[in-house]
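So you can see what is in the structure, the chains are spelled out below.
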Amino acid sequence: MPGIDKLPIEETLEDSPQTRSLLGVFEEDATAISNYMNQLYQAMHRIYDAQNELSAATHLTSKLLKEYEKQRFPLGGDDEVMSSTLQQFSKVIDELSSCHAVLSTQLADAMMFPITQFKERDLKEILTLKEVFQIASNDHDAAIHRYSRLSKKRENDKAKYEVTEDVYTSRKKQHQTMMHYFCSLNTLQYKKKIALLEPLLGYMQAQISFFKMGSENLNEQLEEFLTNIGTSVQNVRREMDSDVETMQQTIEDLEIASDPLYVPDPDPTKFPVNRNLTRKAGYLNARNKTGLVSSTWDRQFYFTQGGNLMSQARGDVAGGLAMDIDNCSVMAVDCEDRRYCFQITSFDGKKSSILQAESKKDHEEWICTINNISKQIYLSENPEETAARVNQSALEAVTPSPSFQQRHESLRPVGRTNPFGESGGGTKSETEDSILHQLFIVRFLGSMEVKSDDNPDVVYETMRQILAARAIHNIFRMTESHLLVTCDCLKLIDPQTQVTRLTFPLPSVVLYATHQENKRLFGFVLRTSGGRSESHLSSVCYIFESNNEGEKICDSVGLAKQIALHAELDRRASEKQKEIERVKEKQQKELSKQKQIEKDLEEQSRLIAASSRPNQASSEGQFVVLSSSQSEESDLGEEGKKRESEA
């Protein structure tokens, strides 16, 4: 390095203008050094702050990657490959975070500490000495000025002593201060170079140490891992590009195909009405009455779900039940001068709703769809084909729910032969004379033999045991059937083939009940003869699940038993009356036969009397001619007469 410029300390006592001029140069240099070092300090402090922030951010990133598997994402939250990959990244980044923390500590010790010491200690010392020197110089100048004004005519020893002492003290102070000030300025030339080089050296050494730690962590296994991840990212990017291209093409196709659908009421010739739907969804306006004559219309999204009509407002997570449309009626109506309105009425007539469709096509399709659902066509194996076969309702007329027999006949395949030897054709012949026909959708849960059948608690206990057994053995699948309740029996019918699976004679159903809390569960006890002797009776409890119709089914069974009881009483009374009529008819026949016998006896007596007289010819030569019957009767009379004479 070149030589260091210095202030001459030995010339401080003389305090010549040249010395002061040279001092000004050093002071200007110190000011420039102070300004430059302040800027360098700020830059290095930014490096240090950035490193601290990087260390904290890296640690936070590692922590968040570890917590990825605990997140509950609505989509793709169970990707185990992604979770394991991020866990691996978390470990690597956590190690890097440790390296960054070490680097932050090294920067604080090797870079920030030297430059901070120079700024806070050395530069402030120069400023302090400058102020002290300036004060001492001013005091010396004032003392010299006072000393120069001493009068030679009126010499005052005391005043002269004080002024002389003042000059001595101020000059000594100035000299000492100036020497320390010059020393500090000279030393500043060395400290300036140290303060510039030492922080940079510490910074570079800290970075080299950081890179060494990084190279130790980045081993071949990690490089292979990063290579695999890079390949996976490229594959995902290619898949994304392909998917985006497909979606763009789909958007273009849909824009072209949907252009006519932007019209609220499309041309029905281009978009014909589908009358065979069993599911539909779309926006409808619902009429809500707010007073006797006033009402409002709310636009909501409606969709069918099985036998239910659901509604969902925009922003709702899920839809709610608007109406049960099983066995309902639907018809087009005129309402408040609005077009395309239709009314749905529940099966019991207690609830109705008026809705407005957006177009004529939607209007007709909603009516047909609800009508098909009302007939429970959606339960068949191929609903659209079944709907096409049985849909005979008028478009703008009330469509009442058909009876079970009509539905049964319409849904039953014509000429179907069951390979198991069962026949579905006997249902009508066996039940067509029954007054009551009620159909319910049920699912068989199980059955078990019970010891008694005189208390509903038997049914409740059987329900509990069967549900517990199904839960223990993880049995959740249930077979759906149609339960037909008539005045003669209960029948389980296959909903697809219409084949009767089981028949329960109604007189054998001795007990039936619904679950006390879950009204969908119901059961009945069937009393049958079993064992070796016909006199031995056993009771079996059957448990079913229905669609919220347990009480209705029990009421229907009770009604069927009442009707059957009255029918049996009427039958017995009719048979008794017929027996009385047969007895009367028999008596009448015997009486008629007795009268005929009496009549025949009278005729026989007359003939016998007539045959006892001699046959004489008339005076005119005529003879009496007897008929063959009379001859036979006369012969019989003679024979009888002979028997009487012999007797």
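Residues numbered from 1 in each chain as written. Predicted model: local features only at pLDDT ≥ 70, side-chain atom pairs only at ≥ 80, totals over all residues. Heavy atoms only, no water.

(A) Spotlight on a nonpolar patch on the surface. Taken together, the side chains of M240, V244 and M247 make up a nonpolar region of the molecular surface, amounting to roughly 250 Å² of accessible area. Here V244 shows up in helix α4 (residues 220-258). What makes V244 partly exposed here is its relative accessible area of 35%. (Patch = residues over 30% accessible without salt bridge, like charges linked within 9 Å, V, L, I, M, F, W, Y side chains within 5 Å. Areas by Shrake-Rupley, 256 points an atom, 1.4 Å probe, with all protein chains shown as cover. Salt bridge = Lys/Arg side-chain N within 4 Å of Asp/Glu carboxyl O. Helix = DSSP H or I, 4+ residues; strand = E, 2+ residues; numbered from the N terminus. Buried < 20%, exposed > 50% of the residue type's maximum accessible area, 1.4 Å probe, protein only.)

(B) Local environment of the packing of helix α2 (residues 80-148) against helix α3 (residues 157-217). The N-to-C vectors of α2 and α3 enclose an angle of 170 degrees; their axes lie 7 Å apart at closest approach. Considering their axes alone, α2 and α3 lie roughly antiparallel with respect to each other. By residue class, the composition of the contact of α2 with α3 is 30 nonpolar, 14 polar and 12 charged. (Axes fitted to C-alpha atoms, helices over the stretch in contact; angles between N-to-C directions. Parallel < 35°, antiparallel > 145°, perpendicular 65-115°, else oblique. Nonpolar A, V, L, I, M, F, W, Y, C, P; charged D, E, K, R; others polar.)

(C) Quick peek at the sheet that holds strand β12 (residues 509-514). If you walk across this open sheet you meet the seven strands as β11-β10-β9-β8-β14-β13-β12, and the pairing is antiparallel. Both outer strands of the open sheet, β11 (500-505) and β12, are each paired with one neighbouring strand and no more. Taken pair by pair, the neighbouring strands of this sheet meet at an average axis angle of 35 degrees, ignoring direction. Strand direction decides the pairing type here: strand β8 (residues 438-450) and strand β14 (residues 537-546), joined by eight bridges, are antiparallel. (Pairing = 2+ DSSP bridges.)

(D) Structural detail: the sheet that holds strand β7 (residues 352-356). Overall, antiparallel pairing links the seven strands, which are arranged β4-β3-β2-β1-β7-β6-β5 in an open sheet. On the outer flanks of this sheet lie β4 (320-324) and β5 (329-335), each paired with one strand and no other. Sheet twist, expressed as the mean angle between neighbouring strand axes with direction ignored, is 40 degrees. Sheet topology places strand β1 (residues 281-289) next to β7; two bridges connect them, and they run antiparallel. Each residue of the ladder has a partner; that of A286, found in β7, is L355. Strand contacts of helix α5 (residues 360-374): β1, β2 (295-305), β3 (308-312), β5 and β6 (338-345), with the helix running at about 10 degrees to β6, the strand carrying the most contacts. (Contact = heavy atoms within 4.5 Å.)

(E) Layout of the pairing of β3. Pairing analysis gives five bridges linking β2 to β3, with the strands arranged antiparallel. Along β3, the bridge assignment pairs F301 with Q312. Linking two consecutive strands that pair antiparallel, namely β2 and β3, is a turn of two residues; a positive phi of about 65 degrees is found at G306 within it.

(F) The state of the cysteines, seen in detail. In this structure the tally under the stated criterion is zero disulfides. C489 carries a free sulfur, and the closest cysteine sulfur to it, the one in C487, is 9.8 Å from it. C489 gets classed as buried once you look at its relative accessible area, which sits at 8%. (Disulfide = S-S within 2.5 Å.)

(G) Region of interest: the side chain of S97. Tracing the backbone through its elements, the reader meets S97 in helix α2. Given a relative accessible area of 6%, S97 falls into the buried group.

(H) Inspection of the packing of aromatic side chains at higher detail. Taken as a whole and assessed by the stated rule, the structure comprises 11 aromatic pairs. Each ring, one from F522 and one from F544, has its centre 5.6 Å from the other, and the planes form 20 degrees; the classification is stacked. You can see F522 sitting in strand β13 (residues 521-529) and its partner F544 sitting in strand β14, a full 22 residues away along the chain. Residues F522 and F544 agree in their burial class; the two are buried. The side chain of K119 reaches across the aromatic face of Y41, ending 5.1 Å from its centre. Its guanidinium or amino end placed over the ring of Y283, R299 lies 4.3 Å from that ring's centre, counting from NZ or CZ. (Phe/Tyr/Trp six-rings, centres within 6.5 Å; stacked < 30°, edge-to-face > 60°. Lys NZ or Arg CZ within 6 Å of the ring centre and 35° of its normal.)

(I) Expanded view of α2. In a regular helix each residue adds 1.5 Å, so 69 residues correspond to 102 Å; α2 covers 97 Å between its end C-alpha atoms and thus fits that length. The sharpest bend along α2 comes to roughly 40 degrees, located at M112, with the proline P114 sitting one to four residues further on. (Expected span 1.5 Å × (residues − 1). Bend = angle between axes of the 7 residues up to and from the residue.)

(J) Representation of α5 within the structure. Under the 1.5 Å per step criterion, the end-to-end length of α5 is 21 Å for 15 residues, consistent within 8% with the ideal 21 Å. Every buried residue of α5 is listed here: H363, E364, E365, W366, I367, C368, T369, I370, N371, N372, I373 and S374. One or two steps after α5, the chain reaches Q376, where phi turns positive at roughly 60 degrees.

(K) Layout of the pattern of salt bridges. Counting across every chain of the model gives 25 salt bridges. Close ionic contact of D362 with K280 constitutes a salt bridge, the shortest N to O distance being 3.5 Å. With D362 in helix α5 and K280 in the loop between α4 and β1, the pair connects residues that are 82 residues apart, well separated along the chain. Accessibility expressed as a relative area gives 13% for K280, which makes it buried. In this structure, a network of salt bridges that share partners links the residues K280, K361, D362 and E365.

(L) Region of the structure containing the environment of M478. Among the secondary structure elements, M478 is positioned in the loop between α9 (457-472) and β9 (479-485). On a C-alpha basis, the gap between M478 and F444 in space is 6.3 Å, while along the polypeptide they are 34 residues apart. Once residues lying within four places of it in the same chain are set aside, the contact partners of M478 are R443, F444, L445, R470 and E545.

(M) Just the side chain of E545, in detail. Here E545 lies in strand β14. Within the structure, the side chain of E545 is placed 3.3 Å from the side chain of R520, a separation counted as a polar contact. Those residues in contact with E545, other than ones at most four positions away along the chain, are I441, V442, R443, L445, M478, R520 and L521. (Polar contact = N/O pair within 3.5 Å; in protein donor to acceptor, adjacent residues only side chain to side chain.)

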